[in-house]
Structures are given as C-alpha cells and as structure tokens.
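Chain by chain, the residues:
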Amino acid sequence: DTEVTQTPKHLVMGMTNKKSLKCEQHMGHRAMYWYKQKAKKPPELMFVYSYEKLSINESVPSRFSPECPNSSLLNLHLHALQPEDSALYLCASSQAWKAESYNSPLHFGNGTRLTVT
Amino acid sequence: AQSVTQPDIHITVSEGASLELRCNYSYGATPYLFWYVQSPGQGLQLLLKYFSGDTLVQGIKGFEAEFKRSQSSFNLRKPSVHWSDAAEYFCAVVPMTTDSWGKFQFGAGTQVVVTP
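Procedures and definitions
Residues numbered from 1 in each chain as written. Chains lettered and ligands numbered in written order. Predicted model: local features only at pLDDT ≥ 70, side-chain atom pairs only at ≥ 80, totals over all residues. Heavy atoms only, no water. Pairing = 2+ DSSP bridges. Helix = DSSP H or I, 4+ residues; strand = E, 2+ residues; numbered from the N terminus. Axes fitted to C-alpha atoms, helices over the stretch in contact; angles between N-to-C directions. Salt bridge = Lys/Arg side-chain N within 4 Å of Asp/Glu carboxyl O. Buried < 20%, exposed > 50% of the residue type's maximum accessible area, 1.4 Å probe, protein only. Contact = heavy atoms within 4.5 Å. Buried area = accessible area lost by both parts, 1.4 Å probe. Polar contact = N/O pair within 3.5 Å; in protein donor to acceptor, adjacent residues only side chain to side chain. Nonpolar A, V, L, I, M, F, W, Y, C, P; charged D, E, K, R; others polar. Phe/Tyr/Trp six-rings, centres within 6.5 Å; stacked < 30°, edge-to-face > 60°.

Chemist: Tell me what's going on with the sheet that holds strand β7 (residues 64-70) of chain A, and back it up with residues and numbers.
Modeler: All names here are of chain A. In spatial order, the strands read β1-β3-β8-β7; together these 4 strands make up an open sheet with antiparallel pairing. What marks the edges here is a single partner per strand, and that holds for β1 (4-7) and β7. Across this sheet, the average inter-strand angle for adjacent strands is 20°, counted without regard to direction. The sheet contact formed by strand β3 (residues 18-25) and strand β8 (residues 73-79) spans 7 bridges and is antiparallel. Residue pairing across strands places Cys23 opposite Leu74, the latter belonging to β8.

Right under this line is the structure:
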C-alpha cells in the first residue's frame, strides 16, 4: 500500500467545472509535490511545497491552484481546464526537516487520472 | 545543459534472463541519482538511490545499480527477470545545489516487456 493517498482515483470534468484533487501523507514529510504525467512520458514537476509554503512553481497556468492546508495535506484546485490538461496527476512527498536530507527520495501516490471534456 | 538520458525507449527480455537499463546524466557535479518503477495505472515506486559511498547500490525486488563517475552513468540491473518486472522504469536526478532543491528531473523512461 502506498503511504501517499490521492483522491479521487479518476475524475472527469467539463471545461467550465471547478474540482479539486487531494493528497495526504502521514510520514512526517515536510515537502510535498504535484507532478503531471502524460501518457508514455515522464512526470513533469508542477509545484513544490516546503513547510507548507510554496517553494517552486514551474510556470504552471493559473487554472491550476495548489494549496497546502497543513503538513499532511496537499490540494490542487482546478478551474476552466482545457482538454490538453487531461493527464495523470501525481502527488509526492519527501523529508525536508534536515538540510542533509533535502534531496531525500520522493514517495509517490497512485495518482488521479483526470479527463477534461 | 543539465540532462538525464535513458537511451532505450523499449526493451524486451525473456523471463529468467538478465536485464540492464541505461541512464546517463549531464551535470556539472555528480547529482543525487534514483531509479523508479511504474506499473500501469500506478504511481512511481523507488527502487534504489545513490548519494555517495559504495558505487554498487542494492535496491528492492532484486535490483541493483552501479554508479560510474567516469561515464556519468547509473545503470540498473537485475540478474533474472520475473514477469512482474514488466513496467516503465525511470531514472531520476537531483543536482547537489541548494537552489535546485526539490527539482527532480526524470529521464524519458524505458518500457520493459517480459516474454515467457
């Protein structure tokens, strides 16, 4: 079983809808990530949160809005998406409370398969 | 430019045969190195990692990887492949610089098919 839980597993939404993806981890990790993965491609980094603060935004369009309510939760709010945004959205976490472990491995959830119609 | 390359897009191997997946990186200094595996419809699972020290790294599921600084490579190996090893394999790197913290860069992936 994965230690990073993502809900929902599948989501179909229209271009005018507003929806949210959720991610939860209870490993005490202080860094959390959103990745986007298209079919047959590697994951692409979208956002990184460290200690609940947004540290990296890889020039993601504003129709994607991340939120980190606390150290265990990470949300991705979706609004006015385009069909090309259809993809697998992966959440990940890593240890970040010590400088020497800031590059500790990523632990991934199983993802949310998003289809925009 | 910094990059990570997996030269083989697709590899077919017979069950019981050995497997080697290639990964090359281009960075100013040795980065942190990882191998992940992704089964269909799943997230990525960490197989092994290299930070420093012994250049032969043991991982889960019988995998190992060897870091070769002179070749800028971090190749993944398994002596005897099982049908359950059929999956997509990603090499990932993170530069050892503070301003690159969190920026894991993934190779394009290698699809492994296992035949009976």
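Structure shown, so let's carry the discussion forward.
Chemist: Which residues make up the pattern of salt bridges, and what values do they have?
Modeler: Residues and elements named next belong to chain B. Here the structure, examined in full by the defined rule, presents 8 salt bridges over all chains. Here Glu64 and Arg77 are joined by a salt bridge, their closest N and O atoms 3.2 Å apart. Residue Glu64 is located in strand β8 (residues 64-68), and its partner Arg77 is located in strand β9 (residues 73-78); the two are separated by 13 residues in the primary sequence. Residue classification places Glu64 among the buried positions, given a relative accessible area of 19%.

Chemist: Describe unusual backbone geometry, with residues and values.
Modeler: Residues and elements named next belong to chain A. Between Thr7 and the following residue, Pro8, the backbone shows a cis peptide bond with an omega angle of -10°. For Pro8, the position within the fold is in the loop between β1 and β2 (10-13). One non-glycine residue with positive phi stands out, namely Ser59, at about 55°. You can see Ser59 is positioned in the loop between β6 (53-57) and β7.

Chemist: I'd like a rundown of the interface of chain A and chain B, residues and numbers included.
Modeler: Listed as interface residues are 25 residues of chain A and, on the opposing side, 25 residues of chain B. Here chain A packs against chain B, burying approximately 1900 Å² in sum over the two surfaces, 61% of which is carbon and sulfur. Our enumeration of links across chain A and chain B arrives at 1 salt bridge. A salt bridge links Glu58 of chain A to Lys103 of chain B, with the nearest nitrogen and oxygen atoms 3.7 Å apart. Taken together, the connections running from chain A to chain B amount to 3 residue pairs in polar contact (both at pLDDT 80 or more). Grouping the amino acids of the side of chain A that touches chain B by side-chain chemistry returns 15 nonpolar, 7 polar and 3 charged.

Chemist: Break down the pairing of strand β12 (residues 110-115) of chain B for me, citing the residues and quoting the values.
Modeler: Residues and elements named next belong to chain B. The alternating pattern of β12 places Thr110, Val112 and Val114 on a buried face, while none of Gln111, Val113 and Thr115, on the opposite face, is buried. Where strand β2 (residues 10-14) and β12 come together, 5 bridges link them in parallel fashion. Residue pairing across strands places Val13 opposite Val114, the latter belonging to β12. Where strand β10 (residues 87-94) meets β12, 3 bridges bridge the pair, whose relative direction is antiparallel. Bridge pairing in β12 places Ala87 opposite Val112.

Chemist: Tell me what's going on with the pairing of strand β6 (residues 44-50) of chain B, and back it up with residues and numbers.
Modeler: Residues and elements named next belong to chain B. Both strand β5 (residues 32-38) and β6 contribute to a ladder of 6 bridges, which runs antiparallel. The residue bridging Tyr36 from the neighbouring strand is Leu46, located in β6. Linking two consecutive strands that pair antiparallel, namely β5 and β6, is a turn of 5 residues; a positive phi of about 75° is found at Gly41 within it.

Chemist: I'd love a proper account of the packing of aromatic side chains, names of residues and values included.
Modeler: In this structure the tally under the stated criterion is 18 aromatic pairs over all chains. Centroid distance Tyr35 of chain A to Phe108 of chain A: 5.7 Å. Interplanar angle 55°. Geometry classified as tilted. Separated by 73 residues along the polypeptide, Tyr35 of chain A in strand β4 (residues 31-37) and Phe108 of chain A in strand β10 (residues 107-108) bring together distant segments of the chain. Taken individually, Tyr35 of chain A and Phe108 of chain A each receive the classification buried, so the pair is uniform in this respect. The rings of Tyr33, Tyr35 and Phe108 of chain A together with Tyr32, Phe34, Tyr36, Phe51, Phe90, Phe104 and Phe106 of chain B are connected pair by pair, giving a single aromatic cluster.

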